[in-house]
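Below are the chains, spelled out letter by letter.
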Amino acid sequence: MVISVLNTVLLLYVPLIAVALPLWISEHTSAPVSLLSVMLMLNTVVVALFQVRVSEGVKDLTSAIRFLLLGSFLLAAACVAFAFSGTWDSAWTAGVLLVVAAGLMVVGEMMQAAGEWEVSFGLAPKGKTGQYQAFFGNGITVAEMLGPLVLTGLVVYWGAPGWILLGGLFVAVSAAMAPMIRWGGRVRDENERLERESLATAEAVGAAGPPRSPTAEHDRRPPAIPGARA
């Protein structure tokens, strides 16, 4: 539950490009609003071409943590570039910064998504993957519901300081997730060990058969012949 809540904060990048950026470009930069279509196209093409390749680098929870951390730093760097895009009067300079920020953001998105999926599947107990995925998947819904309100307040009304705060929030949340994921992995491994030991014990008992009682042993002895010596 804790990891799911923290991951919801990282998912604020989802409504960022669709809600906050158009308002930021139109109200705080000298770049043309039509540049947003180029940024959206860049995001779509890069994800379609490279998401699978990026995900190949995630093999376990350790690599997932590394991708989450690296992805959050890239998202933070994108936030800084977005913040500086509003400080230039030149449309060209602002436009270049916006495109660079969009590139940093899409790479951060792909790394974060790869690490997120490994964590969501890796920590789910056997036989309960569907339940855990359903709960974990609520994060995207919450981010899409609350994201426009949060991002509008931070970015559109607060400006550059809001971008810096958002970038710091991405890094802080991913750093907080790391020890929680490691703890979850240890709990998962311990539960699997106990399950294996319980299964091995049950198999050993089944192979030995039911315990024999003294009464049963006495009943299987041949009847004594009267007058015969033992």
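Heads up: the structure comes first, above all this text.
Criteria and cut-off values
Residues numbered from 1 in each chain as written. Predicted model: local features only at pLDDT ≥ 70, side-chain atom pairs only at ≥ 80, totals over all residues. Heavy atoms only, no water. Helix = DSSP H or I, 4+ residues; strand = E, 2+ residues; numbered from the N terminus. Buried < 20%, exposed > 50% of the residue type's maximum accessible area, 1.4 Å probe, protein only. Contact = heavy atoms within 4.5 Å. Areas by Shrake-Rupley, 256 points an atom, 1.4 Å probe, with all protein chains shown as cover. Expected span 1.5 Å × (residues − 1). Polar contact = N/O pair within 3.5 Å; in protein donor to acceptor, adjacent residues only side chain to side chain. Core = buried A, V, L, I, M, F, W, Y, C linked by side-chain atoms within 4.5 Å. Phe/Tyr/Trp six-rings, centres within 6.5 Å; stacked < 30°, edge-to-face > 60°. Axes fitted to C-alpha atoms, helices over the stretch in contact; angles between N-to-C directions. Parallel < 35°, antiparallel > 145°, perpendicular 65-115°, else oblique. Left-handed = near helix turned anticlockwise from the far one by under 90°. Nonpolar A, V, L, I, M, F, W, Y, C, P; charged D, E, K, R; others polar. Patch = residues over 30% accessible without salt bridge, like charges linked within 9 Å, V, L, I, M, F, W, Y side chains within 5 Å. Salt bridge = Lys/Arg side-chain N within 4 Å of Asp/Glu carboxyl O.

1. A word on the overall build of the protein
Part 1 of the argument: Of the regular secondary structure elements, the protein holds 8 helices and 0 strands.
Part 2 of the argument: Counting helices and strands in the order they occur from the N terminus, the protein gives α-α-α-α-α-α-α-α.
Part 3 of the argument: The burial tally for the protein puts 37% of its 230 residues in the buried class.
Part 4 of the argument: Once local pairs closer than 6 in sequence are excluded, the contacts in the protein between residues at least 24 apart make up 80%.
Part 5 of the argument: For the protein, the accessible area works out to roughly 13300 Å², and carbon and sulfur atoms hold 68% of it.

2. A word on helix H4 (residues 61-85)
Part 1 of the argument: For H4, which comprises 25 residues, the first-to-last C-alpha distance of 36 Å matches the rise-based estimate of 36 Å (1.5 Å per residue) to within 8%.
Part 2 of the argument: Between a side-chain oxygen at the N-terminus of H4 and the backbone nitrogen of Thr62 the separation is 3.3 Å; the capping residue is Asp60.

3. Quick look at the nonpolar core
Part 1 of the argument: Formed by 50 residues in total, the largest nonpolar core has its most connected members in Phe82, Trp163 and Leu166.
Part 2 of the argument: Counting residues per element, the ones that place at least two in this core are helix H1 (2-10), helix H2 (13-28), helix H3 (35-55), H4, helix H5 (91-122), helix H6 (129-157) and helix H7 (160-208).
Part 3 of the argument: It is H4 that contributes the most residues to this core, 11 residues altogether.
Part 4 of the argument: Residues within four places of Trp163 in sequence aside, it is in contact with Leu16, Leu21, Trp24, Cys79, Phe82, Ala83 and Val155.

4. A short note on the packing of aromatic side chains
Part 1 of the argument: On inspection of all chains with the given rule, the structure shows 3 aromatic pairs.
Part 2 of the argument: Ring pairs connect the aromatic residues Trp24, Phe82 and Trp163, which therefore count as one cluster.

5. So, the side chain of Ser4
Part 1 of the argument: Among the structural elements, Ser4 can be located in helix H1.
Part 2 of the argument: In this structure Ser4 comes out as buried when scored by relative accessible area, which is 10%.

6. Section: the environment of Leu10
Part 1 of the argument: Tracing the chain through its elements places Leu10 in helix H1.
Part 2 of the argument: Its relative accessible area of 0% is what places Leu10 among the buried residues.
Part 3 of the argument: Leaving out residues up to four positions away in the same chain, Leu10 has contacts with Leu68, Gln112, Phe170, Val173, Ser174 and Met177.

7. Quick look at the packing of H3 against H5
Part 1 of the argument: Remark: H3 packs on H5, axes separated minimally by 9 Å, with the N-to-C direction vectors making an angle of 30°. Between H3 and H5, the angle falls in the class roughly parallel. Pair H3 / H5 crosses with right-handed handedness. Taken together, the residues of H5 that come into contact with H3 (itself represented by Leu35, Met39, Leu42, Asn43, Val46, Val47, Phe50, Gln51, Val54 and Ser55) are Gly95, Leu98, Val99, Ala102, Gly103, Met105, Val106, Glu109, Met110, Met111, Ala113 and Ala114.
Part 2 of the argument: Classifying every residue of the contact of H3 with H5 gives 16 nonpolar, 5 polar and 1 charged.

8. Section: a nonpolar patch on the surface
Part 1 of the argument: Taken together, the side chains of Val142, Met145, Leu146, Leu149 and Val150 present a nonpolar region at the surface, about 490 Å² in accessible area.
Part 2 of the argument: Mapped onto the elements of the fold, Met145 is located in helix H6.

9. Side note on the packing of H2 against H4
Part 1 of the argument: Packing of H2 against H4 leaves a shortest axis separation of 13 Å and a crossing angle of 5°. Between H2 and H4, the angle falls in the class roughly parallel. Across the interface between the two elements, Tyr13, Leu21 and Trp24 of H2 pack against Leu75, Phe82, Ala83 and Ser85 of H4.
Part 2 of the argument: Here the contact of H2 with H4 is built from residues that sort into 6 nonpolar, 1 polar and no charged.

10. A word on H5
At 3.6 residues per turn, the α-helix brings residues three or four places apart onto the same side.
Part 1 of the argument: Under the 1.5 Å per step criterion, the end-to-end length of H5 is 46 Å for 32 residues, consistent within 8% with the ideal 46 Å.
Part 2 of the argument: At the N-terminal end of H5, a side-chain oxygen is found 3.4 Å from the backbone nitrogen of Trp92, two or three residues along, and the residue is Ser90.

11. Points about the environment of Leu154
Part 1 of the argument: Inspection of the secondary structure assignment puts Leu154 in helix H6.
Part 2 of the argument: Residues Leu154 and Leu165, 11 residues apart in the sequence, show an inter-C-alpha distance of 8.0 Å.
Part 3 of the argument: Ignoring any residue separated from it by four or fewer positions in sequence, one finds Leu154 in contact with Gly159, Gly162, Leu165 and Leu166.

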